[in-house]
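Single-letter residue listing:
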Amino acid sequence: MILSKVCRSFLIVLSLLAAVPAQSQVKRVSGYIRDLHSDEGVGFASIKFRNTTIGKLSDSVGFFSFILDAWPSDTIEITCVGYQPYLYRVDKTRDTITVTLNLERGTFNEGVKVKARVNKGLLLWRKIVQHKAANNPYRFNNFSYELYNKLELDIKNINFNRLARFKPFRPAGEIIRRNLDSTEGKKFLPTYLTEALSDYYYQKDPKKRRELIKAANTNGIRNESMIKFLGGMDQVVNVYNNYLAVFDKQFVSPASDNGDLYYNYNVVDTQVMGNNRYYHLVFTPRRKGTNTFEGDGWIHAGTFAIQKMNLRLGKEADVNFLENLSLVQEYALINDSTWFIAKDKFVADISPIGKEKPGVIGRKTSTYRNVIVNDPRVETELDKNKKLEEIITEPGAEQKDKSFWDESRHEELSEAEKGIIRMIDTLINAPVFQKFTNRLNFIATGYMNFGNFQIGPWYNWITSNSWEGFRTRFDFGTNKHFDKKWWWHTYLAYGFGDKKLKGKGEVFYLPMKHPRLFLFASYTNDLDFGQSYYGEVTQDNVFALALRKNIPVKFLKVNEKRLEFFNETRSGFSTLFAFTHKKQTPLQNLLPKDSFAIPGNREALASAEVSLRLRFAYLERFIENQFFRSSLGSTYPIGELTISKGLSGFFKSSYDYIKISGSISDNIKVPPVGSMSFQVYGGKTFGTLPYVLLDIAPGNELYYYNKYAFNMMNRFEFIHDKYAGINFEHNVGHGIFRLLPKLKFRQFWTAKVLLGSLSENNKALNFKGGHSFQTLDGKTYLEMGTGIDNILRVLRIDFVWRLLPNRLPKSTTEKFGVFGSFRLSF
């Protein structure tokens, strides 16, 4: 009995030992196939052991797995439409292999040529278009969802050896190198990673939108106004639209109603996923040089709804500095028959100065949960809006703790992303890196911060002109660290020719940012350097030295005191009330002050004025810092009306008058033929005034093109007391340069029209001996231009013709001019 038990135990042990080598012979390999650029799974890729019949397809998210008795070969070959073939060498000494394989982009033109009497791809596109009304998520009367956004910005291709050659940057290079080494060896420097969680509400008719940003987690560069752009209000990407916005360009969607004019379509596969059948649709541009994508999509059989769309742009696209772009949009069923967007992913690889040079990689991922459609609760929430579109950031949104994010974010952060957050925190808190970024900011913007104060811009430090000779200027002011509501700035300038000290002082008080309310006061005692517009070169900086036309320079000294009160409502309506006291003294090539002698205690060319400006800019967007903001425009026209009243006798002011002026401006996208911008304006002055108080047509005396001035007109050439005009520009895109796609030149044309007149009383006062003024007297001034934009991605050349009026007695201006300018845009 004992012996039999021992034998049975021995046999069991033998069987277990025999099973061990058999078990150890099983080979396993599994992993994911991913797009190298977008990091998205590549579904239904072919995975095959080379020179064998053993293979399979990855699943819909790119996963694959093999369990084998032995390795069939030492190489796995992965192929998929739109990607380059990939060979993976198998380590036969290992029994279990887990791997992620990244496929590089290829072309959709290879392997998808279909010879058939009936083009199934074209038929499928027609079905998509026919069923748009039933599948487009914006068909619903209203909807809402919870939105999770994640945005990451990285600097790539940093050459640390070259950076270390510059002594001021050497310490920063070392700290960056150390932190990169701790980020899994990745060859990029993370600068920004942020998350936002919001509730989004939409109503179709009347159109209303509301977004409540519940939480925001920012790592890196901080800017309060940027939080609003992390939500869903500014990311409406809908592949069912006819056009999709990529940066500032409009690209034809593959689901466009006219898509067959721009794309070739092919059906390359059919797959079953979750008891549903899907067609694999591939599309490529019909012609080079058009604003189109290439890519593929999965289309649900039966409803012809888009389940997933992968859109790509390469460096041949009409987007500056773009190396690669991926736009992925996924849809999911929220019930038995209703498709709704489930995920967006946008990845852009920007290389401004070359593929191997430093550039930026931006990644944005959006996911959608808790979708509700056609529900009264959505209307109830939208009724809280004070305007049709509103973004609200909840108090404490930026102070959510780690446990909140662990529970609330739609997808867990990867280990790499967690490492990026740690690295960014280390960098931005390192004094060496802070000095490094301050130096870069000084070079780029002209301003340098020292504690609570700021100097600059450096490009105003040195200049020269015929009146002052060599001129130096130094600016000094406060920054946001000095005070959150008060800002002041001053500068002193000295001309070594006229041996005069000039300067300016200004104070700004901002008690409320949203809606905006501020007070402003300034005192200026300096030369008048002409009209100054945002983004245009003025005559008071070092760059103007080489840009002046060869014409007599007019100099005017200004002594001005100004007070402003600005108030804005949430609807976009604003008022600016201002008081200005100004003394003007012509110095050179203008009628002198004694030509306008005033009897009594009053002073010639001295004026006191109160003005009220009314402005309406509906849904205008801004990018802001602590005190100031720059407009990003509006999808609606912007209107302004200004009324001014002169106060005779006030602080020796000599003139009573009333001025009324107004304008309407707009920027309009007109795909596929580019974009148009226009400004219509007009005004009238009631009163008899010297020329410095009349309406002086804005001329340009530089060879740098000025968008807001008449470039073939000199300063003070035309004066009026009644005027109207229009500025128009049409940016066509490639236009005729489509024939030379490698150059990436862009075509445009411009037209500027001015009508004006001057009363007899104002002619008698101003048209005296030695004057060079003119008036149009009801005639039309017209200049038109065309040119080449996007030269070397940043330069523009304008060819401008002065066409009307044909003849004026004192006109010495040329009829044709060539102007250059610097334009940085995508």
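Our subject is the structure listed above.
Here goes a summary of the coordinates provided.

Rules used in this analysis
- Residues numbered from 1 in each chain as written.
- Predicted model: local features only at pLDDT ≥ 70, side-chain atom pairs only at ≥ 80, totals over all residues.
- Heavy atoms only, no water.
- Salt bridge = Lys/Arg side-chain N within 4 Å of Asp/Glu carboxyl O.
- Helix = DSSP H or I, 4+ residues; strand = E, 2+ residues; numbered from the N terminus.
- Buried < 20%, exposed > 50% of the residue type's maximum accessible area, 1.4 Å probe, protein only.
- Pairing = 2+ DSSP bridges.
- Axes fitted to C-alpha atoms, helices over the stretch in contact; angles between N-to-C directions.
- Phe/Tyr/Trp six-rings, centres within 6.5 Å; stacked < 30°, edge-to-face > 60°.
- Lys NZ or Arg CZ within 6 Å of the ring centre and 35° of its normal.
- Arc of directions from axis to C-beta.
- Polar contact = N/O pair within 3.5 Å; in protein donor to acceptor, adjacent residues only side chain to side chain.
- Core = buried A, V, L, I, M, F, W, Y, C linked by side-chain atoms within 4.5 Å.
- Contact = heavy atoms within 4.5 Å.
- Expected span 1.5 Å × (residues − 1).

### With respect to the pattern of salt bridges
Here is step 1: Within this structure, the stated rule accounts for 43 salt bridges.
Here is step 2: Between glutamate 640 and arginine 615 there is a salt bridge, and its shortest N-O distance comes to 3.1 Å. Residue glutamate 640 is found in strand S33 (residues 638-646), and its partner arginine 615 is found in strand S30 (residues 606-617); the two are separated by 25 residues along the sequence.
Here is step 3: For glutamate 640, a relative accessible area of 28% gives the class partly exposed.

### Examining the sheet that holds strand S7 (residues 96-103)
Each strand in a sheet pairs with its neighbour through backbone hydrogen bonds, running either in the same direction (parallel) or in the opposite one (antiparallel).
Here is step 1: Strand order across the open sheet formed by 3 strands is S4-S1-S7, with mixed pairing between neighbours. The two strands at the open ends of the sheet, each matched to only one other strand, are strand S4 (63-68) and S7. Neighbouring strand axes in the sheet, compared pairwise and without regard to direction, differ in orientation by 15° on average.

### Re the packing of aromatic side chains
Here is step 1: Throughout the structure, instances matching the rule amount to 49 aromatic pairs.
Here is step 2: Between tryptophan 125 and tyrosine 265 the ring centres are 5.8 Å apart and the planes differ by 20°, which places this aromatic pair in the stacked class. Here tryptophan 125, found in helix H2 (residues 120-130), pairs with tyrosine 265, found in strand S13 (residues 263-273); they are 140 residues apart in sequence, far enough to count as distant. For the pair tryptophan 125 and tyrosine 265, one class covers both residues: buried.
Here is step 3: Relative to phenylalanine 496, the ring of tyrosine 494 has its centre 5.1 Å away and its plane inclined at 90°; by these criteria the two rings are edge-to-face.
Here is step 4: Under the relative-accessibility criterion, phenylalanine 496 is labelled partly exposed at 46%.
Here is step 5: Following the ring pairs from residue to residue traces out a cluster consisting of Tyr138, Phe140, Phe143, Tyr145, Tyr200, Tyr202, Phe340 and Tyr368.
Here is step 6: Above the face of the phenylalanine 686 ring, lysine 684 is positioned so that its terminal group lies 5.0 Å from the ring centre.

### Digging into H2
Here is step 1: Restricting attention to buried positions, one finds in H2 the residues Gly121, Leu124, Trp125 and Ile128. Along H2, the residues classed as buried sweep out an arc of 100° about the axis, all on the same side. Looking at H2, the residues exposed on the side facing more than 90 degrees away from the buried face are Lys120 and Gln130.
Here is step 2: Measuring from the backbone nitrogen of glycine 121 back to the side-chain oxygen at the start of H2 gives 2.9 Å, which picks out asparagine 119 as the cap.

### Quick look at the sheet that holds strand S2 (residues 46-49)
Here is step 1: Spatial ordering of the open sheet is given by S3-S2-S5-S6, a layout of 4 strands whose pairing is antiparallel. If you trace the sheet from one side to the other, it starts and ends with strand S3 (55-57) and strand S6 (86-89), each paired once. Each strand axis lies, on average, 20° off the axis of its neighbour in the sheet, ignoring direction.
Here is step 2: As judged from the 3 bridges shared by S2 and S3, these two strands associate in the antiparallel manner. Considered in S3, the bridge of lysine 48 is made with glycine 55.

### Some details on the nonpolar core
Here is step 1: Membership of the largest hydrophobic core comes to 46 residues, with the highest contact counts inside it found for Val239, Phe293, Ile306, Leu311 and Leu313.
Here is step 2: Once you skip the residues sitting within four places of it in the chain, leucine 311 turns out to touch Val239, Leu244, Pro254, Phe283, Phe293, Glu294, Leu325, Ser326 and Leu327.
Here is step 3: Counting 20 residues, the second-largest nonpolar core is a separate cluster that includes Phe64, Ile76, Val90 and Leu103.

### So, helix H8 (residues 415-428)
Here is step 1: If you check H8, its first and last C-alpha atoms are 20 Å apart, about what 14 residues at 1.5 Å a residue would give, namely 20 Å.
Here is step 2: Inspection of H8 places Ala416, Glu417, Gly419, Ile420, Ile421, Met423, Ile424 and Leu427 among the buried residues, and these make up the whole buried set.

### So, unusual backbone geometry
Negative phi values dominate among residues other than glycine, just as trans dominates among peptide bonds.
Here is step 1: Proline 672 follows proline 671 through a cis peptide bond whose omega is 5°.
Here is step 2: With respect to the helices and strands, the residue proline 672 is situated in the loop between strand S34 (657-669) and strand S35 (675-686).
Here is step 3: Unlike most non-glycine residues, phenylalanine 651 shows phi in positive territory, near 50°.
Here is step 4: Tracing the backbone through its elements, the reader meets phenylalanine 651 in the loop between S33 and S34.

### Overview of the environment of asparagine 276
Here is step 1: Mapped onto the elements of the fold, asparagine 276 is located in strand S14 (residues 276-285).
Here is step 2: On the accessibility criterion, asparagine 276 (23% relative accessible area) is partly exposed.
Here is step 3: A C-alpha to C-alpha distance of 9.2 Å links asparagine 276 and glycine 302, two positions 26 residues apart in sequence.
Here is step 4: Contact partners of asparagine 276, with chain neighbours within four places excluded, come to Gln271 and His300.

### Side note on the environment of leucine 590
Here is step 1: Examined against the element boundaries, leucine 590 turns out to sit in the loop between strand S29 (573-588) and S30.
Here is step 2: The exposure class assigned to leucine 590 is buried, which follows from its relative accessible area of 14%.
Here is step 3: Measuring from C-alpha to C-alpha, the distance between leucine 590 and valine 692 comes to 10.0 Å, with 102 residues separating the pair along the chain.

### Observations concerning the pairing of strand S28 (residues 555-568)
Here is step 1: Both strand S27 (residues 517-527) and S28 contribute to a ladder of 11 bridges, which runs antiparallel. Each residue of the ladder has a partner; that of phenylalanine 520, found in S28, is glutamate 564.
Here is step 2: Relative to S29, S28 is paired through 14 bridges, and the arrangement is antiparallel. Bridging across to S29, leucine 563 finds its partner in phenylalanine 579.
Here is step 3: Once S28 ends, the chain turns through 4 residues before running back antiparallel as S29, passing glycine 572 with a positive phi of about 100°.

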